[in-house]
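So you can see what is in the structure, the chains are spelled out below.
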Number of protein chains: 6
Amino acid sequence: MRKKYLSAALIGRFQPFHLGHLEFIRQILSENSEVILIIGSSQANFTPHNPFTAGERTRMIKDSLIDSKIPMEKVTIIHIMDDENNYRWFSNLKSFAPPFNVLYTGNVFIKLLLENEQILLREPKFIRKELYNGSNIRKLLAANDPQWKNLVPNAVKKIILELNGSERIRKLRTSWEDSPFRHLKE
Amino acid sequence: MRKKYLSAALIGRFQPFHLGHLEFIRQILSENSEVILIIGSSQANFTPHNPFTAGERTRMIKDSLIDSKIPMEKVTIIHIMDDENNYRWFSNLKSFAPPFNVLYTGNVFIKLLLENEQILLREPKFIRKELYNGSNIRKLLAANDPQWKNLVPNAVKKIILELNGSERIRKLRTSWEDSPFRHLKE
Amino acid sequence: MRKKYLSAALIGRFQPFHLGHLEFIRQILSENSEVILIIGSSQANFTPHNPFTAGERTRMIKDSLIDSKIPMEKVTIIHIMDDENNYRWFSNLKSFAPPFNVLYTGNVFIKLLLENEQILLREPKFIRKELYNGSNIRKLLAANDPQWKNLVPNAVKKIILELNGSERIRKLRTSWEDSPFRHLKE
Amino acid sequence: MRKKYLSAALIGRFQPFHLGHLEFIRQILSENSEVILIIGSSQANFTPHNPFTAGERTRMIKDSLIDSKIPMEKVTIIHIMDDENNYRWFSNLKSFAPPFNVLYTGNVFIKLLLENEQILLREPKFIRKELYNGSNIRKLLAANDPQWKNLVPNAVKKIILELNGSERIRKLRTSWEDSPFRHLKE
Amino acid sequence: MRKKYLSAALIGRFQPFHLGHLEFIRQILSENSEVILIIGSSQANFTPHNPFTAGERTRMIKDSLIDSKIPMEKVTIIHIMDDENNYRWFSNLKSFAPPFNVLYTGNVFIKLLLENEQILLREPKFIRKELYNGSNIRKLLAANDPQWKNLVPNAVKKIILELNGSERIRKLRTSWEDSPFRHLKE
Amino acid sequence: MRKKYLSAALIGRFQPFHLGHLEFIRQILSENSEVILIIGSSQANFTPHNPFTAGERTRMIKDSLIDSKIPMEKVTIIHIMDDENNYRWFSNLKSFAPPFNVLYTGNVFIKLLLENEQILLREPKFIRKELYNGSNIRKLLAANDPQWKNLVPNAVKKIILELNGSERIRKLRTSWEDSPFRHLKE
């Protein structure tokens, strides 16, 4: 008997891509035929909350998945820009992504936007979310605390070092208030 | 003797439309021939400050005015999006609204933008503004405090209940910080 | 027995609002409880194809319907801006309009966009479309051919005369090629 | 001796993805370590020139490459929106794409934009371009001429049939002039 | 007796700046205290109609005026982007320009936009407009006809040669149809 | 021996232009052949952080430099809008500015954006930055503290008084929270 074909989507900003994400993707692929990774806030970069470009984030994800022997024919990476009209968020997303029938999210906000949509929602089982989350990792990077290296895949570690990511985030944090951009949202 | 024809405009975000707005519209119509209601921030929805879509806000206003026997041929509803170029705010507004000769506003900021414009400004006489204001009503909704029901017209109460507005606002407030959108302005 | 409540939407650019539109709205209201009029390309004005502002178009519609004794509590007017992402067109529209269950359109393109949407489509029975259409009326206005006056409601005739609409369109057509805007779409 | 790692980029609108593209990607991968496929005009869909959404185009490419046994770990798909400021085109592109050192293009315009940039340009060797090009294929689809099936990979044929692509394009072409969008660029 | 202080504005796309513009600026400065040069369509570049960037156009104007000994303290150069909401065109312009009391334009379209504005309009007395106009000069450049050199100031000639402007325009014209951008407006 | 021709750029929001800026421009012109002044956040005005329009800021700079006998043929003023895609910031800037080979900035953020760009960076030697900075001057203006008059050139003092700048900033600060715009970034 043929298992039903299931395509699952996962949304995140991936600032940066970490081991929690990687573990989650494994989990999704164990339950689904393919996964669509949606990089949110793709228009933003070089800000305290969004230090890495969409291209850098794409590379982090791609290299990590390849290193982890995750078959890339099962993975699609998509970029989505922010929009204040959240009502059309899902429709906009569907215009940029191949079709999917499951969306994995633990986020109450995303669930709210999808209440009236024809899409199956599933809860991720995140491991140790207090450690494995972008906000914490950016904080460690800003503090030059080497602990961040334990929280991201090897490929990401290599890319962040190559990009001087720690220094980039530190400079973004300290200079934002002093920059011509300080009146902007972080 | 024929009274002079006066068209008056009123701007607000109407998040949500409340009894203070309704009372104000009555007051405006007692002094003017027609009223143009301008729904600001029309592009924003499903955010803590702008939980309702422009369409939902339009419906709230429309149903409330009809219930209150306000003659709809005297009312025009217009949507306006935000723009950081405030200098052109009034010109932009005029491109979307029928002509008007009075603008009712108690807001110092709007008055500032209109200082050099050919438009008559009038002060609203708001009743109990500490109660009847969107910020307070959204707070009550978020807290699931039934007091909000006393502050909005019946039609709005019905729409908010139908939309699960209380839950929507509560979810928006609690999930914002945890959502991929948390770096955005509320 | 209570008739089912039906809300119908009609989309157009209304450049300008004409007797064909008016007749169509009468027809819609004979079959539905209310009508939502959606003014498309609301961001455009003072171009050969979109000579009138959204505000002027709103006024044309409003004044014509009132003159025709159409009860305004059954009418909602909404503005929609253009967007190249047509896939999200309907979702965007729904964020700006109150709910509706029927969309009247004879337009193949709109039908195409709505193929997978939960909305009832109905065909308008337009009268003498070769005469009653915006393109023809703008042509007559540009040529200063008084025939246009027979194709629009009295209220629209009055507004166009007040705005010097004939001269406006003539100037737009003749100056476009010579203006700093000539490389733009009309 | 280790061959130098080369990442190559290829830009196109892929409306639709055809056998010429596929052949070209094979050629690129025979000379480079990986390829980055850049889907241009990603914001546009359901127009005569851009009938398919970015998501549909992504799926066409993905399915075709998998069918052709092209190793997906060597392929990255990126979306780029149009922008009238062509001077910043390459900088914008680099913010969305992983790094690449070669750009394959036969297009004089793209070459012009890249004249002062640090990037290696290579000429594609297109096979039978008069047949294998999007414009020709869209024309065949609009005419319901089954010849189009010979010009696209099997996976694309399947997707276009599933989407009623032939009918979609025919409707877009015939209805455009009659739609509320006719004043827009195709 | 002190002559009244008059500030005059002149709008154009300056693609490229030519001797007709230069002569016109002299004429304006003979009648006014200062001139504000408004570069329109500043967001567009590397297109057939807008081959030069706003920066290149600024440089062309600046160098030509300095060469012609026009006192630069009497000149301000401003950039304006296109916007389909023409109704707010003047208000937008005023937000970017220092105050002016006269606008020189022979363009019927601009005059139409300014009909209800508080601004004095004056007619330029252009010399030999069939020769000295951007469209003609771009045509000569595309054809590699050296006649263009007689129609622009020496400084512009130097800049266009330095930028390979003739080749740029020729490539833009010939490649546009073949580029991924061909569906866009020129 | 001819000194090398050096063009230097300086970026700021100039809210408002003050004596620190003026002193800095003198310093730049003593070391370079010309200066390009880049007014950032040009799209914003009438907000607490950006109270003055780009046009008003242009006038402040222009009048101050002329009063200070700085030769205007050595000065170019350019406007730049904000953009969340900081990666393309420099490319965007270059499309609007004439060529320059030095950028003066003490801002760590700007330096970060320029790390991989072909541009010479120099440190400004600001005088008494705790006094001569926009934030401090806006605070004094809001408080109606006449000390601000000692921190700006005479021309700026005159313009701010003419525009009732002190009152404008005070009103913006006090009304922002109460305005329909309060949910926006300042």
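Residues numbered from 1 in each chain as written. Chains lettered and ligands numbered in written order. Predicted model: local features only at pLDDT ≥ 70, side-chain atom pairs only at ≥ 80, totals over all residues. Heavy atoms only, no water.

K.L.:
Let's hear about the overall build of chain A: which residues, and what values?
P.N.:
What chain A contains, in helices and strands, is seven helices and five strands. For chain A, the sequential pattern of α-helices and β-strands runs β-α-β-α-β-α-β-α-β-α-α-α. The C-alpha radius of gyration computed for chain A amounts to 17 Å, which stays within 12% of the reference 16 Å derived for 186 residues, consistent with globular compactness. Its C-alpha atoms give chain A principal-axis dimensions of about 60 × 40 × 25 Å. Sorting the 186 residues of chain A into buried and exposed places 62% on the buried side. (Helix = DSSP H or I, 4+ residues; strand = E, 2+ residues; numbered from the N terminus. Rg over C-alpha atoms; globule rule 2.2 N^0.38 Å. Buried < 20%, exposed > 50% of the residue type's maximum accessible area, 1.4 Å probe, protein only.)

K.L.:
With reference to specific residues and values, describe the relation of the copies chain D and chain A.
P.N.:
With an axial shift of 0.0 Å and an RMSD of 0.0 Å, the rotation relating chain D to chain A amounts to 180 degrees. Such a turn and shift between the copies fits a two-fold axis. Ranked by how close their C-alpha atoms come to the rotation axis, the residues of chain D are headed by D:M72, at 2.7 Å. When the interface residues of chain D are mapped onto chain A, 100% of them again fall at the interface, so both copies present the same face. (Least-squares fit on C-alpha atoms with pLDDT ≥ 70 in both. Contact = heavy atoms within 4.5 Å.)

K.L.:
Describe the packing of helix 2 (residues 54-67) of chain C against helix 6 (residues 154-162) of chain C, and please don't skip the residues or the numbers.
P.N.:
Residue and element names in this part refer to chain C. The N-to-C vectors of helix 2 and helix 6 enclose an angle of 145 degrees; their axes lie 8 Å apart at closest approach. Contacts between helix 2 and helix 6 involve R59, M60, D63, S64 and D67 from the first element and A155, V156, I159, I160 and E162 from the second. By residue class, the composition of the contact of helix 2 with helix 6 is five nonpolar, one polar and four charged. (Axes fitted to C-alpha atoms, helices over the stretch in contact; angles between N-to-C directions. Nonpolar A, V, L, I, M, F, W, Y, C, P; charged D, E, K, R; others polar.)

K.L.:
Can you break down the sheet that holds strand 1 (residues 7-12) of chain D residue by residue, with the values?
P.N.:
Residues and elements named next belong to chain D. Across the sheet, five strands lie side by side as 3-2-1-4-5; this open sheet has parallel pairing. Two strands close off the open sheet at either side, each with one partner strand: strand 3 (75-79) and strand 5 (120-122). Here the average twist between neighbouring strands, direction ignored, is 25 degrees. (Pairing = 2+ DSSP bridges.)

K.L.:
Now, about the pattern of salt bridges: what can you tell me, with residues and values included?
P.N.:
When their charged atoms lie close together, side chains carrying opposite charge are able to pair. Inspection of the entire model under this criterion finds 47 salt bridges over all chains. One salt bridge in this structure joins A:R59 and A:E162, with 2.9 Å as the shortest N-O distance. Here the residue A:R59 occupies a position in helix 2 (residues 54-67), and A:E162 occupies one in helix 6 (residues 154-162), the gap between them amounting to 103 residues. A relative accessible area of 18% places A:R59 in the buried class. Of the charged contacts, one joins C:E23 and C:R26 as a salt bridge, the two residues approaching to 3.9 Å between their closest N and O atoms. Of this pair, C:E23 and C:R26 both sit in helix 1 (residues 19-31), three residues apart, roughly one helical turn. With relative accessibility at 39%, the residue C:R26 sits in the partly exposed group. (Salt bridge = Lys/Arg side-chain N within 4 Å of Asp/Glu carboxyl O.)

K.L.:
Can you explain helix 1 (residues 19-31) of chain B? Please cite residues and give values.
P.N.:
With 13 residues, helix 1 of chain B ought to run about 18 Å at 1.5 Å a step, and its terminal C-alpha atoms sit 19 Å apart, in line with that. Contacts from the buried residues of helix 1 of chain B go to strand 1 (7-12), strand 2 (34-39), helix 2 (54-67) and strand 4 (102-104) of chain B. (Expected span 1.5 Å × (residues − 1).)

K.L.:
Mind laying out the interface of chain D and chain A, listing which residues take part and the relevant values?
P.N.:
Counting from both sides, the interface comprises 24 residues of chain D and, opposite them, 24 residues of chain A. A combined buried area of about 1,700 Å² lies between chain D and chain A, and 66% of that area is made up of carbon and sulfur atoms. Inspection of the chain D/chain A interface yields zero salt bridges. Our count for the contact surface shared by chain D and chain A stands at twelve residue pairs in polar contact (both at pLDDT 80 or more). Mapped onto the side of chain D that touches chain A, the elements with two or more residues apiece are helix 2 (54-67), strand 3 and helix 3 (89-96) of chain D. A total of six residues in the side of chain D that touches chain A trace back to one element, the largest contributor, which is helix 2 of chain D. (Buried area = accessible area lost by both parts, 1.4 Å probe. Polar contact = N/O pair within 3.5 Å; in protein donor to acceptor, adjacent residues only side chain to side chain.)

K.L.:
Residues and numbers for the environment of A:D145, please.
P.N.:
Inspection of the secondary structure assignment puts A:D145 in the loop between helix 5 (134-142) and helix 6. In this structure, the C-alpha to C-alpha distance between A:D145 and A:S166, residues 21 residues apart in sequence, is 9.0 Å.

K.L.:
I'd like a description of the sheet that holds strand 3 (residues 75-79) of chain A, backed by residues and values.
P.N.:
All names here are of chain A. Spatially, 3-2-1-4-5 is the arrangement adopted by the five strands of the open sheet, whose pairing is parallel. Two strands lie at the open edges of the sheet, namely strand 3 and strand 5 (120-122), each paired on one side alone. With direction set aside, neighbouring strand axes in the sheet form an average angle of 25 degrees. The sheet contacts of helix 1 (residues 19-31) involve strand 1 (7-12), strand 2 (34-39), strand 4 (102-104) and strand 5, and relative to strand 2 the element is tilted by about 145 degrees.

K.L.:
Please provide a residue-by-residue account of the confidence of the model for chain A, values included.
P.N.:
Residues and elements named next belong to chain A. Chain-level statistics for chain A give a pLDDT mean of 91 and a share of 92% at 70 or above. Throughout residues 182-186 the model reports pLDDT below 50, and contacts reaching past four residues in sequence, or to other chains, amount to 25 contacts. Taken together, the chains of this predicted complex give a pTM of 0.93 and an interface ipTM of 0.91. (pLDDT = per-residue confidence, 0-100.)

K.L.:
Could you give me a rundown of the side chain of A:K62, with the residues and numbers involved?
P.N.:
Its place among the elements puts A:K62 in helix 2. Despite its burial, A:K62 remains without a salt bridge, the nearest opposite charge being carried by D:E34 at 4.7 Å. Ignoring anything within four residues of it in the chain, the contact list for A:K62 reads A:M72, A:I77, D:M72, D:E73, D:K74, D:V75 and D:T76. (Lys, Arg positive; Asp, Glu negative; His and termini not counted.)

K.L.:
Describe in detail the arrangement of the chains, supporting the description with residues and values.
P.N.:
Note that chain A does not reach chain E: the shortest distance linking a C-alpha of one to a C-alpha of the other is 19 Å. Separated throughout, chain C and chain F approach each other most closely at a C-alpha pair spaced 19 Å apart.

K.L.:
Outline the nonpolar core, supporting the account with residue identities and numerical values.
P.N.:
Formed by 72 residues in total, the largest nonpolar core has its most connected members in B:L65 and C:L65. If near-sequence neighbours (up to four positions away) are discounted, C:L65 is found in contact with C:F17, C:L22, C:I25, C:L37, C:I70, C:M72 and C:V75. The next biggest cluster of nonpolar side chains, apart from the first, holds 71 residues, and it includes E:L29, E:I61, F:Y132 and F:V156. (Core = buried A, V, L, I, M, F, W, Y, C linked by side-chain atoms within 4.5 Å.)

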